[in-house]
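# Overview (structure and organization)
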Amino acid sequence: MRFLLPILLPVFAVSLQAADSIKVLIVDGQNNHKWDITTPVLKDALEGGGAFTVDVSTTPPKGSPPEAWDSWKPAFAEYKAVVSNYNGEAWPKAVRDAFVKYVAEGGGFVSVHAANNSFGDWKEYNDMIGVGGWGGRDEKSGPWLYVKDGKLFRDPVAGKGGAHGPQHEFVVEMQNPDHPITRGLPKRWLHAKDELYSRLRGPAENVEILSTAVSDLTGVSEPNNMVLSYHKGRVFHTTLGHADYSMLDRGFYTILQRGTEWVATGDVERTAAVPADFPTETAITVVKLEGYPKQEAPKPKKP
Ligand code: ZN
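Residues numbered from 1 in each chain as written. Predicted model: local features only at pLDDT ≥ 70, side-chain atom pairs only at ≥ 80, totals over all residues. Heavy atoms only, no water.

### Structural notes on the coordination of the zinc ion
- Every protein donor of the zinc ion is listed here as H33 (NE2), H113 (NE2), E195 (OE) and H242 (ND1), and their distances to the metal cover 2.0 to 2.1 Å.
- What the four donor atoms of the zinc ion show is an angle range of 93 to 157 degrees at the metal, which sorts the shape as irregular.
- Between the donor residues of the zinc ion, the gaps in sequence give the motif H-x79-H-x81-E-x46-H. Residue E195 is located in the loop between strand 8 (188-194) and strand 9 (207-214), and its partner H242 is located in the loop between strand 11 (233-238) and helix 6 (244-247); the two are separated by 47 residues in the primary sequence. In this pair, the class of E195 matches that of H242, namely buried. (Donors = N, O, S within 2.8 Å, 3.2 Å for Na, K, Ca; no water. Tetrahedral: all angles 85-135°; square planar, octahedral: opposite > 155°, others 65-115°. Helix = DSSP H or I, 4+ residues; strand = E, 2+ residues; numbered from the N terminus. Buried < 20%, exposed > 50% of the residue type's maximum accessible area, 1.4 Å probe, protein only.)

### A look at helix 2 (residues 35-48)
- A rise of 1.5 Å per residue sets the reference length of helix 2, with its 14 residues, at 20 Å; its end C-alpha atoms lie 19 Å apart and thus fit the reference within 8%.
- Those residues of helix 2 that sit buried are I37, T38, T39, V41, L42, A45 and L46.
- Lining the buried residues of helix 2 we find strand 1 (22-28), strand 2 (52-58), strand 3 (81-84), strand 4 (108-112), helix 6 and helix 7 (250-265).
- Among the residues trailing helix 2, G50 stands out with phi positive, at a value near 90 degrees. (Expected span 1.5 Å × (residues − 1). Contact = heavy atoms within 4.5 Å.)

### Overview of helix 7
- Compared with the 22 Å implied by 1.5 Å per residue over 16 residues, the 22 Å span of helix 7 between its first and last C-alpha is a close match.
- Burial analysis of helix 7 places 14 of its 16 residues in the buried class, which makes it a mostly covered element.
- Capping the start of helix 7, D249 holds a side-chain oxygen 2.7 Å from the backbone nitrogen of G251, two or three residues further along.
- Immediately beyond the C-terminal end of helix 7, within one or two residues, lies G266, with a positive phi of roughly 90 degrees. (Polar contact = N/O pair within 3.5 Å; in protein donor to acceptor, adjacent residues only side chain to side chain.)

### Side note on unusual backbone geometry
- The residue after Y292, namely P293, is reached through a cis peptide bond having omega 0 degrees.
- Looking at the element boundaries, P293 is found in the segment after helix 7.
- A positive phi is found at H231, a non-glycine position, where the angle reads about 50 degrees.
- Counting through the fold element by element, H231 comes out in the loop between strand 10 (221-230) and strand 11.

### As for the nonpolar core
- Within the largest apolar cluster, 41 residues are counted, with the highest numbers of intra-cluster contacts made by V24, V112, I181, F236, F252, Y253 and L256.
- In terms of residue count, helix 7 provides more of this core than any other element does, seven residues in total.
- Excluding its chain neighbours within four sequence positions, the residues that come into contact with Y253 are V41, D44, A45, M247, L248, V287 and L289.
- Within the second largest apolar cluster, 35 residues are counted, among which are V82, I129, V131 and Y197. (Core = buried A, V, L, I, M, F, W, Y, C linked by side-chain atoms within 4.5 Å.)

### Some points on the environment of K140
- Structurally, K140 is set in the loop between helix 5 (123-129) and strand 5 (144-148).
- Note on K140: relative accessible area 71%, which makes it exposed.
- C-alpha separation for the pair K140 and P203, spaced 63 residues apart in sequence, amounts to 9.4 Å.

### Remarks on the pattern of salt bridges
- Scanning the entire structure with this criterion turns up 10 salt bridges.
- Of the charged contacts, one joins R270 and D20 as a salt bridge, the two residues approaching to 3.7 Å between their closest N and O atoms. Of this pair, R270 sits in the segment after helix 7 while D20 sits in the loop between helix 1 (5-19) and strand 1; the two residues are 250 residues apart in sequence, bridging distant segments of the chain.
- You can call D20 partly exposed: its relative accessible area is 40%.
- Of the charged contacts, one joins K101 and E105 as a salt bridge, the two residues approaching to 3.5 Å between their closest N and O atoms. The exposure classification of K101 matches that of E105, with both residues exposed.
- Each of E173, R188 and E281 takes part in one network of salt bridges that share partners. (Salt bridge = Lys/Arg side-chain N within 4 Å of Asp/Glu carboxyl O.)

### So, the packing of aromatic side chains
- In total, this model carries 21 aromatic pairs according to the counting rule given.
- For the pair W144 and Y146, a centre-to-centre distance of 4.3 Å together with 50 degrees between the ring planes defines the contact as tilted. Y146 carries the same exposure label as W144, and that label is buried.
- Here the aromatic cluster, defined as three or more aromatic residues joined through ring pairs, consists of W69, W72, F76, Y86, W91, F99, Y102, F109, F119, W122 and Y125.
- Above the ring of Y79, the side-chain terminus of K23 is found at 4.9 Å from the ring centroid.
- Above the face of the W144 ring, R199 is positioned so that its terminal group lies 4.7 Å from the ring centre. (Phe/Tyr/Trp six-rings, centres within 6.5 Å; stacked < 30°, edge-to-face > 60°. Lys NZ or Arg CZ within 6 Å of the ring centre and 35° of its normal.)

### What to know about the side chain of S118
- As for its position among the elements, S118 is in the loop between strand 4 and helix 5.
- A polar contact of 3.4 Å, which involves the side chain of S118, links it to the side chain of N87.

### With respect to the environment of N176
- Looking at where N176 falls in the secondary structure, it is placed in the loop between strand 7 (168-174) and strand 8.
- Look at N176 and you get buried, because its relative accessible area is 16%.
- Distance in space between the C-alpha atoms of N176 and S221 is 13 Å, their sequence separation being 45 residues.
- Not counting residues within four places of it along the chain, the set of residues in contact with N176 comprises T182, E208, I209 and L210.
- Looking at N176, its side chain comes within polar contact range of the main-chain nitrogen of H179, at 3.4 Å.

Remember that the coordinates give geometry; whether it matters functionally is a separate question.
Structural data, given as structure tokens:
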């Protein structure tokens, strides 16, 4: 029977690979951003590399009656990671409880941009994301988390959580180049036009800052990519991704893929190759996606 092995193995390898892709669920449906435009970009970023298969679960629209929510019951447990592109009304209690159980028991969670504006008064959610902005957040939500002169600060200063200046391209600076998500990537790379979130506040526990950018508002290094733990679950939190043109950036694509793989499996293997066109400190790399960008970046104001 030994002579059969070389024939049988390749077939086995192919079927294993197909069955082996990481199942991801994107949640959207309400946002002060164009979620219907950006969810396909997130899906492309994840599925384009071949490591993930993605489903999307869309909530009822804002203002829907309670019965419209009754049928929205995402099957979190069927997925290795949940990616939130949602910033809106509170989910029904049964869904909140299912989500907390899912992450606590080892499910992966990825919070993208305004997903960290959501649920300012949902304790478990804020424990997962560490810090957030807007949504009623202030010093009672927890400290302002930032880096200055290479040191991490948890600043209890009074004030609202969440701020940003005009959108612009900015340099993402690695704070931890040795994490599986950041390993091998340039220490400084230019990110496409985006909002540079600052003054994010929250419990800020079990959080590790992977990268920052110097804020035009605060002058300190504000976190933009973070990892956290929530009981047995892993969380990747990126503040990047205001619009489709912010996401269509090889740096964003790469960090989202790696962050999603890491929360799903605890390591980065399938998405470890550094793309040849990864941005440099002075040049962004625009990802081409048919029909995109659909949104137009605001022009800088004339002085
Ligand atoms: Zn935004």
